[in-house]
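Below, each chain spelled out in residue letters.
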Amino acid sequence: MEIKTGFKKRDILRHFLSAGINITPKALSILASKSLSNNDLGELIRKVSYLPDFKLHLTESILNQTEFLSNPASNSEHPPIETSKENNQDQSDLEEEFPEYSVEPNFEVKSKNSNNDITSATELAEDLIESELFVPEPQHPSNEDIIRELKTSNSSKSSGGMSRFKPIAKDYAEQIEILQDPNTNLYTTGSIDDFIAQFRDRFERLSEILLQNPEVKNVIPINEAKSLHSSGTVNIIGMVTDKSPSRGGHAIKFSLDDQTEEIDVVVRNDDRNVKTYESMIYLVKDEVVFVSGFLKVDMSYGSRVLFANKIIWPDIPMGNKTHIPSCPVSFALLSDLHIGSDNFLENVFTRFTRYLNGEIGTERDQEEAGKIKYVIVCGDLVDGIGIYADQVNELEITDIYKQYEKAAELFSKIPDYVKIIYIPGNHEPVRKAIPHPAVPSKYCKSFLDLGVTSLGDPSMIELHGIQFLLYHGDGIIDMNNNIPGLLSNKPTHTMKEFLRCRHLSPTFGKEHTEKAPTAIDWLVVDQIPHVFHTGHMHINDLGHYRNVLLVNSGCFQAQTKFMKSLGINPTPGKVPIISEKYGKLDTITLTLM
Ligand SMILES: [Fe+2]
Ligand SMILES: [Fe+2]
């Protein structure tokens, strides 16, 4: 049984800061006056995160909405969060409650003077310092501060050479836990039964995620909704099977299927439904969503149509917490080296291994280099053979075995205490359809002999308490094609959409990406990662989404003719390095050219 402590203000503040939530002085005082446990605070963060109006500012009013204070210990499994409008049967009065896509944890959101009731965490900390209740701590970096460039000097041994290089990562044993690896179950016959099994698995797992959201309640099966004889409010969960705009553009129509039956859903473009209508650009085929709306029954035609006023994706809760490594090590994220290609930038990669060995850069560079305990390679390590037409004309090494031997030669320069983790991409000698199996050892034995942990794509691993979702990113281009506004040079925007629908390539059919109909849908994102790492786009791009760090790691290959034809300008020689700074995960971009 957990002991209730009655936290001090600074402890409560720390809890909310770590979840990216600001708190008003009044709300802080109220909470400090209660005897609350760690579980109570965690439950409160979970509850407020699901409130539709919650914008990461915890006020007394928000506290009252949760009913948390009246019964903090109950921590009800499915807390009732009723709104007066929710049960109103008149569709016109139902408000859109779709969580805003653009809301990001931000620790300096509002000026103290702009609203007396809302104080940023930073200002509150200052107030607490003044009142001697708060011991000063380093402030969290703003989102703008997260990306800092570190240009390594060309001069070798600028701070005294190898003798001064004392890598701290050497003092810590590796800690690798493989949480999910599709390599364990990838068999498929490609039959229709396999497709059905995969879609059933996807539907059930995404439905479970949706049902954890307190707003998702009173859900009925679609066959039950379609047997109703009178119009009224109905809540359903289903998979999107079709989507099209109405003539004239006044509504979007789509169909939902929950394995019991299918129903037509209409989202009207009117004044009371603006946000829901606007959110429709993010809805793509084969996603699983919750829909609440007004069921219009026309018995004369026997038809039933659901006019939606609320759509909820599985998504990441806004109060999702970040995490820091259990020891002061850091992680270098790579992808898309394309060893074997005549565009592979070997001299740039050699600079990276020299950096890891403390051979270049300033004394501070060496200190940072010495923290790197893991090098993660997120696919396209080699260029492969026969991946696209006339590839042979752009290959310097035309033998796949020799490409891996070259990789082994280059990676053997990485210090022994640094652990290498590797998943394949679309250039590796594995099947084209995702999920990709791990590269068979017959191709890459010399590389694996370096002690490499080789996994399938996508995989989920935990390193010193930090969970990494590793996905080469084959589905990025399809998602960009399906959602207006997503661009090849901003892959982290696409990664947000994967997290919104909790799936790494939702749409099946005539898409660019081939998908294997395995019985388990390995592309469902069950567990929320701390770091989501992709590659494939050859663009170094960093971002955040609800405390998940998003990294598209870039490349070590110059622009190919194929990329030029697609208008992609790669950003080679930039390596994101992740470590803990001020209680959060921080990224430094190491610029090698
Ligand atoms: Fe690539
Ligand atoms: Fe790729």
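Let us look at the structure shown here. Since the model is a prediction, treat every value here as computed from it, not as a measurement.

### Side note on the pattern of salt bridges
No. 1: What the rule picks out here adds up to 17 salt bridges.
No. 2: Residue Asp526 pairs with Arg205 through a salt bridge whose shortest N-O separation is 2.5 Å. Of the two residues, Asp526 is situated in the loop between α15 (491-501) and β16 (531-534) and Arg205 in helix α7 (residues 192-211); the sequence distance between them amounts to 321 residues.
No. 3: Residue Asp526 is classed as partly exposed on the basis of its relative accessible area, which comes to 31%.
No. 4: Arg205 sits in the buried class, given a relative accessible area of 14%.
No. 5: Arg500 is paired through a salt bridge with Glu497; the nearest N and O atoms lie 2.8 Å apart.

### So, the coordination of the iron ion (ligand 2)
No. 1: For the iron ion (ligand 2), every protein donor is listed as Asp380 (OD), Asn426 (OD1), His472 (NE2) and His536 (ND1), and the spread of their distances is 2.1 to 2.2 Å.
No. 2: In terms of primary sequence, the donors binding the iron ion (ligand 2) are separated according to D-x45-N-x45-H-x63-H.
No. 3: Taken as a pair, the iron ion (ligand 2) and the iron ion (ligand 1) show a spacing of 3.4 Å, with Asp380 coordinating each metal. Here His472 lies in the loop between β15 (466-470) and α14 (476-482) and Asp380 lies in the loop between β11 (372-378) and α12 (400-411), a separation of 92 residues in the sequence.

### Looking at the pairing of strand β7 (residues 262-268)
No. 1: Pairing of strand β6 (residues 251-257) with β7, which is carried by seven bridges, proceeds in the antiparallel orientation. Residue pairing in the sheet places Lys253 in a bridge with Val266 of β7.
No. 2: The turn linking β6 back onto β7 is made up of four residues, and Gln259 within it adopts a positive phi angle of 80°.
No. 3: Bridge analysis of β7 against strand β9 (residues 303-312) gives three bridges, and the strand direction is parallel. Each residue of the ladder has a partner; that of Val265, found in β9, is Leu306.

### Regarding the coordination of the iron ion (ligand 1)
No. 1: Ligation of the iron ion (ligand 1) by protein atoms is provided by Asp336 (OD), His338 (NE2), Asp380 (OD) and His538 (NE2), these donors lying 2.0 to 2.2 Å from the ion.
No. 2: Taken together, the four donor atoms coordinating the iron ion (ligand 1) span angles of 86 to 175° at the metal, a pattern that classifies the geometry as irregular.
No. 3: As a motif over one chain, the donors of the iron ion (ligand 1) read D-x1-H-x41-D-x157-H.
No. 4: Take Asp336: its relative accessible area is 0%, and that puts it in the buried class.
No. 5: Judged by its relative accessible area of 5%, His538 is buried.

### Structural notes on the packing of α12 against helix α13 (residues 441-448)
No. 1: The interhelical angle for the contact between α12 and α13, taken along N-to-C directions, is 15°, at an axis separation of 7 Å. Of the possible angle classes, the one that applies to α12 and α13 is roughly parallel. The handedness of the crossing between α12 and α13 comes out as right-handed. Seen from α12, the contacting residues are Ile400, Tyr401, Tyr404, Glu405, Ala407, Ala408 and Phe411; seen from α13, they are Lys442, Tyr443, Cys444, Ser446 and Phe447.
No. 2: Partitioned by chemical class, the residues of the contact of α12 with α13 number nine nonpolar, one polar and two charged.

Each value, and the rule that gives it
- Residues numbered from 1 in each chain as written.
- Chains lettered and ligands numbered in written order.
- Predicted model: local features only at pLDDT ≥ 70, side-chain atom pairs only at ≥ 80, totals over all residues.
- Heavy atoms only, no water.
- Salt bridge = Lys/Arg side-chain N within 4 Å of Asp/Glu carboxyl O.
- Helix = DSSP H or I, 4+ residues; strand = E, 2+ residues; numbered from the N terminus.
- Buried < 20%, exposed > 50% of the residue type's maximum accessible area, 1.4 Å probe, protein only.
- Donors = N, O, S within 2.8 Å, 3.2 Å for Na, K, Ca; no water.
- Pairing = 2+ DSSP bridges.
- Tetrahedral: all angles 85-135°; square planar, octahedral: opposite > 155°, others 65-115°.
- Axes fitted to C-alpha atoms, helices over the stretch in contact; angles between N-to-C directions.
- Parallel < 35°, antiparallel > 145°, perpendicular 65-115°, else oblique.
- Left-handed = near helix turned anticlockwise from the far one by under 90°.
- Contact = heavy atoms within 4.5 Å.
- Nonpolar A, V, L, I, M, F, W, Y, C, P; charged D, E, K, R; others polar.

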